Amino acid sequence: MIVLSANNLSKAYGTDVILEKVSFHINQGDRVGIIGRNGAGKTTLLNLLTGELSSDEGEFFIGQNLKVGYLKQRDSFSPELTIEEAIDGLFSHIHKLEKEIAEASDLVAANPTEERLVHRLYNLQQEYEVKGGYTYKSEISGVLTSMAFGKESRIKKIGSLSGGEKTRLALAALLLEKPDILMLDEPTNHLDIGTLKWLEQYLSQYKGTLVIVSHDRYFLDQVVNRIFEVEHHQVTCYKGKYSQYADQKRIMRESQLKAYNAQQKEIRRQEDMIRIMKEHNTEHLVKRAKSREKRLDMVKRIDKPRELQSSMKIDFKQDFQSGNDVIQGKALSMSFGSGANRRELFRNVNLDIKRGDKICIVGPNGVGKTTLLRMILGELAPVLGNLKVGHNVAFGYYDQGQLLLNNSNTVFEEMKESYRLYNNTEMRSILGRFLFKGEDVFLNVGSLSGGEKARLSLAKLMLSGANTLILDEPTNHLDIESKEVFEEALKDFDGTAIIVSHDRYFLQKIPNKILELNSDGMVEYLGKYDYYLEKREEIASAGKYVSSLANLGENKNSELPKSEDKMTTERNEPLEMDSLEGLSSAEIRAIKKQQEAEERRRARLIESLEKEIETLERRLKELEVEMSKEANMADFEVLGELSREHEDVGNRLEEVYDQWAEVQGGI
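1. Quick word on the pattern of salt bridges
- On inspection of all chains with the given rule, the structure shows 37 salt bridges.
- Of the charged contacts, one joins Lys21 and Glu57 as a salt bridge, the two residues approaching to 3.0 Å between their closest N and O atoms. Residue Lys21 is located in strand 2 (residues 16-27), and its partner Glu57 is located in strand 4 (residues 57-62); the two are separated by 36 residues in the primary sequence.
- The exposure class assigned to Glu57 is partly exposed, which follows from its relative accessible area of 38%.

2. Observations concerning the packing of aromatic side chains
- In total, this model carries 15 aromatic pairs according to the counting rule given.
- Summarising the aromatic geometry, the rings of Phe412 and Phe442 are spaced 6.4 Å apart at their centres and angled 45° between planes, so their arrangement reads as tilted. One end of the pair, Phe412, is in helix 12 (residues 411-418); the other, Phe442, is in the loop between helix 13 (424-433) and helix 14 (450-463), with 30 residues separating them in the sequence.
- Judged by its relative accessible area of 13%, Phe412 is buried.
- Consider the rings of Phe486 and Phe506, whose centres lie 6.2 Å apart with planes at 10°: the pair is stacked. On the criterion of sequence distance, the pair formed by Phe486 in helix 15 (residues 480-492) and Phe506 in helix 16 (residues 504-509) is long-range, its members being 20 residues apart. Residues Phe486 and Phe506 agree in their burial class; the two are buried.
- Members of the aromatic cluster, each reached through a chain of ring pairs, are Tyr218, Tyr525, Tyr529 and Tyr532.
- Lying over the aromatic face of Phe149, Arg168 brings its terminal NZ or CZ to 5.0 Å of the ring centre.
- Sitting above the plane of the Phe436 ring, Arg455 keeps its charged end 5.0 Å from the centroid.

3. Looking at the sheet that holds strand 18 (residues 521-525)
- As summarised here, the arrangement of the 6 strands in space is 14-15-16-12-17-18, forming an open sheet in which the pairing is mixed. Unpaired on one side and paired on the other, strand 14 (395-398) and strand 18 mark the two borders of the sheet. Across this sheet, the average inter-strand angle for adjacent strands is 20°, counted without regard to direction.
- Of the strands in this sheet, strand 14 and strand 15 (468-472) are in contact with helix 14, which crosses strand 14 at around 180°.

4. Quick word on helix 3 (residues 92-110)
- Over its 19 residues, helix 3 extends 28 Å from the first C-alpha to the last, a length consistent with the 27 Å expected when each residue adds 1.5 Å.
- Listing the buried residues of helix 3 in full gives Ile94, Leu97, Ile101, Ala104 and Val108. In an axial view of helix 3, the angular spread of the buried residues amounts to 85°, which keeps them on one side of the axis. Facing away from the buried side of helix 3 by over 90 degrees, the exposed positions are Lys96, Lys99, Asp106 and Ala110.

5. A word on helix 11 (residues 369-377)
- Those residues of helix 11 that sit buried are Lys369, Thr371, Leu372, Leu373, Met375 and Ile376.
- Gly378 sits one or two residues past helix 11 and shows a positive phi near 90°.

6. Here's the deal with the confidence of the model for the protein chain
- Of the residues in the protein chain, 87% reach a pLDDT of 70 or more, and the chain-wide mean stands at 83.
- No element of the protein chain has a lower mean pLDDT than helix 18 (residues 564-572), which averages 34, and none a higher one than strand 16 (residues 496-500), which averages 96.
- Within the model, the stretch residues 556-580 combines pLDDT values under 50 with 18 contacts to residues more than four positions away or in other chains.

7. A look at the packing of helix 9 (residues 242-280) against helix 10 (residues 283-298)
- Relative orientation of the contacting elements helix 9 and helix 10 amounts to 155°, with a least axis distance of 8 Å. Looking at the two axes, helix 9 sits roughly antiparallel to helix 10. Considering how the two elements wind past one another, helix 9 and helix 10 form a crossing that is left-handed. Residues Ile267, Gln270, Glu271, Met273, Ile274, Met277, Lys278 and His280 of helix 9 form the contact with helix 10, whose participating residues are Leu285, Arg288, Ala289, Arg292, Glu293 and Leu296.
- A class-by-class count of the residues in the contact of helix 9 with helix 10 yields 7 nonpolar, 2 polar and 5 charged.

8. Some details on the sheet that holds strand 4
- Across the sheet, 3 strands lie side by side as 2-1-4; this open sheet has antiparallel pairing. The sheet is open, and its two edges are formed by strand 2 and strand 4, each paired on a single side. Between one strand axis and the next, the sheet turns through 15° on average, direction left out of account.
- In this structure, strand 1 (residues 2-13) lies alongside strand 2, joined through 8 bridges in antiparallel fashion.

9. Considering unusual backbone geometry
- Despite not being glycine, Asn392 has its phi angle at roughly 65°, a positive value.
- Tracing the chain through its elements places Asn392 in the loop between strand 13 (384-389) and strand 14.
- By relative accessible area, Asn392 is classed as partly exposed at 39%.
- Despite not being glycine, Glu473 has its phi angle at roughly 50°, a positive value.

10. Thoughts on the pairing of strand 12 (residues 358-362)
- Burial of strand 12 is extensive: 5 of the 5 residues sit out of reach of the surface.
- Here strand 12 shows two buried faces, one formed by Lys358, Cys360 and Val362 and the other by Ile359 and Ile361.
- Alignment of strand 12 against strand 16, held across 4 bridges, turns out to be parallel. Across the sheet, Ile361 pairs through a bridge with Val500, a residue of strand 16.
- In this structure, strand 12 lies alongside strand 17 (residues 513-518), joined through 4 bridges in parallel fashion. Across the sheet, Ile359 pairs through a bridge with Lys513, a residue of strand 17.

Definitions and limits used
- Residues numbered from 1 in each chain as written.
- Predicted model: local features only at pLDDT ≥ 70, side-chain atom pairs only at ≥ 80, totals over all residues.
- Heavy atoms only, no water.
- Salt bridge = Lys/Arg side-chain N within 4 Å of Asp/Glu carboxyl O.
- Helix = DSSP H or I, 4+ residues; strand = E, 2+ residues; numbered from the N terminus.
- Buried < 20%, exposed > 50% of the residue type's maximum accessible area, 1.4 Å probe, protein only.
- Phe/Tyr/Trp six-rings, centres within 6.5 Å; stacked < 30°, edge-to-face > 60°.
- Lys NZ or Arg CZ within 6 Å of the ring centre and 35° of its normal.
- Pairing = 2+ DSSP bridges.
- Axes fitted to C-alpha atoms, helices over the stretch in contact; angles between N-to-C directions.
- Contact = heavy atoms within 4.5 Å.
- Expected span 1.5 Å × (residues − 1).
- Arc of directions from axis to C-beta.
- pLDDT = per-residue confidence, 0-100.
- Parallel < 35°, antiparallel > 145°, perpendicular 65-115°, else oblique.
- Left-handed = near helix turned anticlockwise from the far one by under 90°.
- Nonpolar A, V, L, I, M, F, W, Y, C, P; charged D, E, K, R; others polar.

Here it is, written out as structure tokens:
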């Protein structure tokens, strides 16, 4: 059944045509991924379908009584509400039913023989069950937890949330509302790998229809079954996941080009024959020439396939080669602050990076991945441990926020400021390779989009001639086509690359090693993303096996029938680990020792986290008092600094709360 269709939709801003006579339909249960270049019109298309924009011509149809949910529609939560209050407000229909059921129950208690009242109560209870009255609280908890909102963080006011937190909350609210048609614009932004995997699993089981704009190729491969490509003001529909679309598009374009070239060759052959016949100028040949001309005019001409749009052209070259040992680190530890305010990011990190390695670093948000990159660059010194940079190592750095760019420069000035030896013509040619053409080179850097800043940063990096590239989330703002060009350039680069990324498609193509950073050190996986997942699961399974052995020791006599009193007594007695069948004394002692060490470590960690929570909560209150002072409210610079610190402290407090809850759950 068709739930949404569009017919000849067009949208333009002045002379800038975005979409032109676009037509398509979406069936119930379809999972549509919308892709295209930055600026192609993907978000415009979503805004047309949700009614946030009106089309210049054409129309679209949405099935009767179908509820449409759009991620941007959830940006209107009151800043005074807590997360818990905002989400609970989505279930006002459930609360209304609860009130009606309570009132009906009172009436039935007072009039137990009144069938009409009993029947009404029964109907209300049935409606309550159908609308999820018995499960909505657990669903709220599950979705909020999966979106990284632990129980403690749910009392935070929405006005104090960061941009990323507000996006996650908006997505959580939309998922809980369960619309018939769910439209999402870049839903994977601000999500770490763990949350991404949960979202993929959730959406794969979603009973409604999905329409998703995304540049995340791995996500598209996991979730969608159709691809809509927005290109040249048109929408082309493909069946299958992203990887299937990529194959289909390549085959289709090759077929179109082959058919066009073959027809053009035949047309030229016929035209040559017609010309030769006319040149002979005999009555017979002239008639045949005219006959051929008529037949040629009747041939349906194949349109020439559109030229491929200009792509970014990037080629990383090293000015000179580094030594074989690029980075060596032993027992690296990093923390900030001191005393009660001390915050430890990681410890016992070992690195051994060789020339030509393509290393990707992964790990949870806040563990210190960017800090480790800055440590490698020499911008930060480790608190403990030793870091050695090898012979002839020359770094080139890409920062994910593009903070190294000067917003007051033009694009041209930004490049010339760093690379003065190129003349103006050469520099404009280089910028053209990164899609800055014509007057684009005189755009102010501060006015550029995220994707444009990313391309400018990559242009500067390419010219650096560095033999060791340090890249922090380099694909974040790139569209799919630019990502693929960048990936090919990295694969062809002879030097070394150390990359922080959560782009799983990228992680599957580029690294020869994945390093997983956590607070207790770093684990090395030789291979790409799928291998990393496989080995990580094996390690987790091995850990569960060791735990099961320990549990076997604690419950060694559990198979014997005994009274409750007997069981209680035996649990309080020391474990006789040496009597475990099948295990040596050394193995059992090692297991017991490991357990005790783990318990001590957890106790110390809990104490440290609780102290930090106390300090952060006290600082939040101090900042709120400062922000409410009349003098500070009138000084925008001071108020801005206080607001930024309030957001940073709040974000850190949320992280510590989550760590504390996780450690508590592990005891």
